[in-house]
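Tertiary structure, described
The lines below spell out each chain.
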Amino acid sequence: MYIRSLATAALLITQVLHAQYGTFDAGAVKAAKATRTLVVLDAGDSPYNRRMIESVKSNWNFTSEPEFVTVAELASRPISPDHTYLLKTRKTDPVKFEATFLTLVQGWKPKKGETLTQADNAFTSIPSEHELAFIQIDPNAINELGLAQLLDVYLKHLQNYLSLVEGGKVTDKTTADRIYASRNRAVRDTELWMAREHLDKSLPDASKVKEFYTAPCQVMALSQLASALEKGSKGITISDVVMTGDNKNKHCFKRVFNVGTGELMYLRDDASIFGKKEGFLDEDLKTLERAR
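Here the structure is a predicted model, which is why all the values come from computation and not from measurement.

1. Quick word on the environment of Thr63
Tracing the backbone shows Thr63 in the loop between α3 (47–59) and β3 (67–70). Relative accessible area serves as the criterion here: at 6%, Thr63 is assigned to the buried category. A polar side-chain atom of Thr63 sits 2.6 Å from a polar atom in the side chain of Thr37.

Dropping the structure here:
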């Protein structure tokens, strides 16, 4: 019964916190392009704020003339259907652990008395039907581990997702997954930069990685990934790992992104129960190695 319960929990996690999707409605995306986007910043100063401002100015082209507001300022302004909102959301899955997402939200006409609630600069009351695109993030990696430039990649990814929906290439989760899987092969055409901290303990060093992945690859400290992000090169892909939950509920979300385009090239998530599967595994490397 205990094993069955863990399997059920893992299934629920996969269904609810699958890290990146959004609307599948091309019309909703087209309509959103005519709005003005309010970019919601943290209260006070933070690496997230500083990089988000720079990244939006450099990389955001889905809408024109974005405006920056703080969490507190947004609370004093009514949500409007004439605006889209780029902000952090927090969701809780059925087994009661939380994950944070960078989300583009379509504004709506709020009901009388309806208010937005937030905790730690992430909004917890955004109706899912208003989410245009979202991607799971690790605020600690951005603010504490020197990886604020990941926001460049995340913004590019969100816009890539929206373009696929608008163009009719993504119409449901299945078509999105098919596109992500079709990009696995292209990782080998780039130099893959992987952080040691993103590798499971079963892959302790670069030599072990090369046993399963023979294409160009560098294994480095997490702090060194920032230099790849600075390059902004289409010829570099990077690992990204977000851990959620703890103990029996721990889960590992793994992604590979193209630094230059923000395209999601690989994704997989695993239940990380009792300290196992906490990062990229040989199975992930074999998938990239064999992809056709």
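What follows continues from the structure just given.
2. Focus on the environment of His130
Its place among the elements puts His130 in the loop between β7 (122–123) and β8 (131–137). Judged by its relative accessible area of 19%, His130 is buried. Remark: the alpha-carbon pair of His130 and Thr84, spanning 46 residues in sequence, is separated by 9.5 Å. Discounting chain neighbours no more than four positions away, the residues touching His130 are Leu104, Val105, Gln106 and Trp108.

3. A closer look at the pattern of salt bridges
One pass over the structure, following the stated rule, counts 19 salt bridges. The closest approach of N and O atoms between Lys91 and Glu131, which form a salt bridge, is 3.3 Å. Within this pair, whereas Lys91 is found in strand β4 (residues 83–92), its partner Glu131 is found in strand β8, the two being separated by 40 residues in sequence. Given the relative accessible area of 18%, Lys91 is considered buried.

4. Re the pairing of strand β9 (residues 191–195)
For β9, the tally of buried residues reaches four of five residues, placing the bulk of the element in the interior. Where β9 and strand β11 (residues 236–244) come together, three bridges link them in parallel fashion. Paired with Glu191 across the strands is Ile236, a residue of β11. Pairing geometry for β9 and strand β10 (residues 217–220), over four bridges, is parallel. What sits directly across from Met194, in β10, is Val219. Each parallel crossover has a hand, and for β9 linked through helix α8 (residues 206–212) to β10 it is right-handed.

5. A word on the state of the cysteines
Overall, the coordinates contain zero disulfides when judged by the stated rule. For Cys217, which is in no disulfide, the shortest distance to another cysteine sulfur is to Cys252 and amounts to 16 Å. The exposure class assigned to Cys217 is buried, which follows from its relative accessible area of 11%.

Each value, and the rule that gives it
Residue positions are given per chain, counted from 1 along the sequence in the order it is written. With the structure being a predicted model, the display of local features is reserved for residues of pLDDT at least 70 and the display and counting of side-chain atom pairs for 80 or more, all residues being used for whole-chain, interface and lining totals. Hydrogens are left out, water is left out, and the side-chain values use all remaining heavy atoms of the structure. A run of H or I in DSSP counts as a helix once it spans at least four residues, and a run of E counts as a strand once it spans at least two, with each numbered from the N terminus. The classification of residues rests on relative accessible area computed with a 1.4 Å probe and restricted to protein chains. Under 20% of the type maximum is buried, over 50% is exposed, and intermediate values are partly exposed. In protein, a polar contact means a hydrogen-donor-capable atom and an acceptor-capable atom, both N or O and within 3.5 Å, with residues adjacent in sequence counting only if both atoms are side-chain atoms; elsewhere, any N or O pair within 3.5 Å suffices. A contact between two residues is defined here by any heavy atoms of the two lying within 4.5 Å. What counts as a salt bridge is simple: a side-chain nitrogen of Lys or Arg found within 4 Å of a carboxyl oxygen of Asp or Glu. Note on pairing: DSSP must find at least two bridges between two strands before they are called paired. A crossover gets the label right-handed when its path from the first strand over the helix to the second runs clockwise, viewed with the strands pointing away from the viewer. The disulfide criterion used throughout: a pair of cysteine sulfur atoms within 2.5 Å.

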